Amino acid sequence: MVIRGRALVVGDDVDTDAIVPARYLVTSDPAELGRHCLEGLDLGFPGRIRPGDILVAGENFGCGSSREHAVLALKGAGIGCVVARSFARIFFRNATNLGFPLVECPVLRDVAEGDLLAVDLRRGVIRDLTSGRAFAAPPLPPFILEILDAGGLIPWARRRRYGA
Amino acid sequence: MTLAEAIIARHAGRPVAAGEFVEVPVDFVLANDITAPLAIRAFRELGANRVFDPSRVALVLDHFTPCKDVRSAEQCRAVREFARAQGIPHLFAEGRGGIEHVLLPERGLVLPGEIVVGGDSHTCTYGALGAFATGMGSTDIGYAMATGRTWLRVPRTIRVELSGELPRWVTGKDLALHLIGMVGTSGANWCAFEFAGKVEALPLDDRLTVANMAVEAGATAGLFPPDGEVLDYLRGRAARGYEPVYPEPGADYAEAVEVDLGRLRPLVARPHSPADVVPVEGLGEVAIDQVVIGSCTNGRWRDLLLAAEVLRGREVHPRVRCIVIPGSQELHLRAVREGLAEVFLEAGAVLSTPTCGPCLGGHMGVLAAGERCVSTTNRNFRGRMGHPEGEVYLANPAVAAASAVLGRIASPEEL
Ligand code: SF4
């Protein structure tokens, strides 16, 4: 599957409080959470997101709080996928469990805001169509792929472990 | 095997090695007023009807409680209804509760050698008791509540060899900040810390602080082998039988570091990263507006005692609001009985019922733009305590209290 979109660039250590500040954690509705997506970085950030955008991050994206609302906020804001040099463990689990696409690519660099990207999730290739560069991501462990292929932890569990 | 490997192996029923994915039974599962509603949704989506064992689930209402608004009240109500329907005895709320990671060890609900998963990143706190405890998101917790199982990637282990004795005004908080400053905010991602050497030089309350902050370096867990102090603490308190687990000689460590506790000084982490760590003395004049003493990091008895020692007979600076929050009902009562409450109130501090409150910018001390706070909590990310232009410096309770008195970030030595 290839996801195409415009790059929205953020830095290192974008934590889940920045993705969705705690004061909004009185709901688990993705659309409502999405209206505050990345507001912790900058109050004007939600206004800059267009549906289908690809979030490009540095190291340790999603560190901090375990709130799954962070993934829901990204989904709710219409972010197509997140590519980062690295992801924090809990965020990585949460996105996997919810079937939200991530690509971890340690060699990712110099993607400019607004570049057009094409992310091949299966092959783990990120193409910057604007600059003409391509970055290869290491393959995901088979166990993680199994969950992603099922569409997340719940469908995986329903199918394989938990009844039907 | 390392301590993490040995605990996971015992649950998996076979030896394991770092990097492997395993599915294991869990001994205890918890969630709070923010993460439980989503976990309950996941539980239902799974088609589950009953939690795997009601006595091994805790639901702690601590983040926005006493409820800050109608919507937080509705979330709490949904959690209460679930607890009642499922017959879950460990539902903790106002007046009989506290901050989850202060409360559960106090109630003997998380024990050495166990695997504990929680819908809260600071679940790693229980590593201080020798439990493999780790934070997860709500879907993982819904799955664990339904099945009594979870999947784990066995972490690589960073061994931290301790020596020396803590100097005056230096605490576990300073060890935690020192380590995070050393490895960085993601230096221990998918790893566990395992403490060794002179573990007994850290009182249990301080170990809980250190294990609590392991996640600030990205760690899955922060583990201490349970010594006599832990076993004594649990006597008469443990809710179940348990069997401590220890690392095996010759275990394979990914890295090893040494820390001489005697050389640590009071430290602070500057905004907006827990890894931007400097000694208090090196900071210069930094005026502050607020001080918060509490949280799952530093809301325990030794923390309150240290803060009281500094505040006794002194006054909070007129420009500063100082908010003290004991971590549990039991500690709040003890603070009243043993005169600490009076010390705080006489000094001009606010004494609050247990709550996470300001730690996550929820209520009870949210920052305005441009305001600066010294906090004994664990995270100073941009916007964590309120407005994105607010600033949080992390410090130990003695430094926080001294700063409250002087109106600027200060070491207790300066008083
Ligand atoms: S005190 Fe702060 S860090 Fe601890 S559980 Fe509450 S919100 Fe989380």
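Source: prediction; values computed, not measured.

### Some points on the overall build of chain B
Stage number 1. Tallying secondary structure elements over chain B gives 13 helices and 18 strands in all.
Stage number 2. Expressed along its principal axes, the backbone C-alpha trace of chain B runs to roughly 55 × 50 × 40 Å.
Stage number 3. Relative to its full complement of 415 residues, chain B shows a buried share of 65%.
Stage number 4. For chain B, contacts bridging at least 24 residues in sequence account for 76% of all contacts bridging at least 6.
Stage number 5. Only carbon and sulfur atoms are counted for the fraction: they give 47% of the accessible area of chain B, which is about 13,400 Å².
Stage number 6. Across chain B, the 40 positively charged side chains and the 50 negatively charged ones have centroids separated by 4 Å.

### As for the sheet that holds strand β10 (residues 221-223) of chain B
In a beta sheet, neighbouring strands are held together by backbone hydrogen bonds and run either parallel or antiparallel to one another.
Residues and elements named next belong to chain B.
Stage number 1. Strands sit in the order β10-β9-β8-β11 across an open sheet of four strands; the sheet is parallel. Only two strands of the sheet have a single neighbouring strand rather than two, namely β10 and β11 (255-260). Pairwise comparison of adjacent strand axes, ignoring direction, gives a mean angle of 20 degrees for this sheet.
Stage number 2. Pairing between strand β8 (residues 156-163) and strand β9 (residues 191-197): seven bridges, direction parallel. The residue bridging valine 160 from the neighbouring strand is phenylalanine 195, located in β9.

### Describing helix α5 (residues 138-147) of chain B
Residues and elements named next belong to chain B.
Stage number 1. The buried fraction of α5 amounts to nine of the 10 residues, a majority that puts the element mostly inside the structure.
Stage number 2. Considered for burial, the residues of α5 that qualify are Ser138, Thr139, Asp140, Ile141, Gly142, Tyr143, Ala144, Met145 and Ala146.
Stage number 3. Just downstream of α5 lies glycine 148, where phi reads positive at about 70 degrees.

### A short note on the domain arrangement of chain B
Interfaces are frequently sized by the accessible area removed from exposure as the parts join.
Residue and element names in this part refer to chain B.
Stage number 1. What the domain assignment lists for chain B is domain 1 (3-259) and domain 2 (268-414).
Stage number 2. Centre-to-centre separation of domain 1 and domain 2, based on C-alpha positions: 24 Å.
Stage number 3. Taken together, the contact pairs 41 residues of domain 1 with 42 residues of domain 2.
Stage number 4. Regarding the contact of domain 1 and domain 2, the summed buried area is about 3,200 Å², with carbon and sulfur atoms giving 59% of it.
Stage number 5. Contact with domain 2 buries surface across domain 1, with Ile99, Trp169 and Lys173 losing the most and accounting together for 23% of the total.
Stage number 6. Inspection of the region where domain 1 meets domain 2 yields three salt bridges.

### A closer look at unusual backbone geometry
All names here are of chain B.
Stage number 1. A cis amide bond, omega -15 degrees, links threonine 65 with the succeeding residue proline 66.
Stage number 2. Within the secondary structure, proline 66 sits in the loop between β3 (57-60) and α3 (70-86).
Stage number 3. Residue proline 271 is joined to histidine 272 through a cis peptide bond whose omega torsion reads 0 degrees.
Stage number 4. Even without glycine at this site, tryptophan 169 takes up a positive phi of about 70 degrees.
Stage number 5. Position of tryptophan 169 among the secondary structure elements: in the loop between β8 and α6 (172-183).
Stage number 6. In the Ramachandran plot, methionine 364 falls in the positive-phi region, its phi being about 65 degrees despite a non-glycine side chain.

### Notes on the sheet that holds strand β4 (residues 90-92) of chain B
Residues and elements named next belong to chain B.
Stage number 1. The sheet built from five strands is open, its strands ordered β4-β3-β2-β5-β6 with parallel pairing. The open sheet is flanked by β4 and β6 (132-135), the only strands paired with a single partner. With direction set aside, neighbouring strand axes in the sheet form an average angle of 15 degrees.
Stage number 2. Bridge analysis of β3 against β4 gives three bridges, and the strand direction is parallel. Looking at the pairing, alanine 58 lines up with histidine 90 of β4.
Stage number 3. Seen against the sheet, α5 touches β2 (28-32), β3 and β5 (115-119) and runs at an angle of roughly 135 degrees to β2.

### Overview of the environment of B:Asp62
Residue and element names in this part refer to chain B.
Stage number 1. By the secondary structure assignment, aspartate 62 is in the loop between β3 and α3.
Stage number 2. Using a relative accessible area of 0% as the deciding quantity, one classes aspartate 62 as buried.
Stage number 3. Along the backbone, aspartate 62 and glutamine 329 are 267 residues apart, and their C-alpha atoms lie at a distance of 11 Å.
Stage number 4. Beyond its immediate sequence surroundings of up to four residues, aspartate 62 is in contact with Asn32, Asp33, Gly98, Ile99, Glu100, Thr355, Cys356 and Gly357.

### Comments concerning the side chain of B:Ser295
Residues and elements named next belong to chain B.
Stage number 1. Among the structural elements, serine 295 can be located in helix α9 (residues 295-298).
Stage number 2. A residue is classified by how much of its surface remains accessible, and serine 295, at 5% relative accessible area, is buried.
Stage number 3. Setting aside anything within four residues of it in sequence, one finds serine 295 in contact with Ile99, Val102, Ile325, Thr376 and Thr377.

### Points about the packing of helix α7 (residues 153-160) of chain A against α5(B)
Stage number 1. For the pair α7(A) and α5(B), the least separation of the axes is 10 Å and the interaxial angle reads 25 degrees. Here α7(A) lies roughly parallel to α5(B), going by the angle between them. Only B:Thr139, B:Asp140 and B:Tyr143 of α5(B) make contact with α7(A), whose side of the interface consists of A:Leu153, A:Ile154, A:Trp156 and A:Ala157.
Stage number 2. By residue class, the composition of the contact of α7(A) with α5(B) is five nonpolar, one polar and one charged.

### Re the site of the ligand
Residue and element names in this part refer to chain B.
Stage number 1. Taken together, 13 residues form the shell around the ligand, and within it His122, Cys296, Cys356, Cys359 and Asn378 come nearest.
Stage number 2. For the shell around the ligand, the secondary-structure elements that each account for two or more residues are α4 (100-106) and α9.
Stage number 3. Across the shell around the ligand, the residue classes break down as five nonpolar, five polar and three charged.
Stage number 4. The two domains that each donate at least three residues to the shell around the ligand are domain 1 (3-259) and domain 2 (268-414).

What counts, and at which threshold
Residues numbered from 1 in each chain as written. Chains lettered and ligands numbered in written order. Predicted model: local features only at pLDDT ≥ 70, side-chain atom pairs only at ≥ 80, totals over all residues. Heavy atoms only, no water. Helix = DSSP H or I, 4+ residues; strand = E, 2+ residues; numbered from the N terminus. Buried < 20%, exposed > 50% of the residue type's maximum accessible area, 1.4 Å probe, protein only. Contact = heavy atoms within 4.5 Å. Areas by Shrake-Rupley, 256 points an atom, 1.4 Å probe, with all protein chains shown as cover. Lys, Arg positive; Asp, Glu negative; His and termini not counted. Charge placed at Lys NZ, Arg CZ, Asp CG, Glu CD. Pairing = 2+ DSSP bridges. Axes fitted to C-alpha atoms, helices over the stretch in contact; angles between N-to-C directions. Domains from an automatic or database assignment. Buried area = accessible area lost by both parts, 1.4 Å probe. Salt bridge = Lys/Arg side-chain N within 4 Å of Asp/Glu carboxyl O. Parallel < 35°, antiparallel > 145°, perpendicular 65-115°, else oblique. Nonpolar A, V, L, I, M, F, W, Y, C, P; charged D, E, K, R; others polar. Near = heavy atom within 4 Å.

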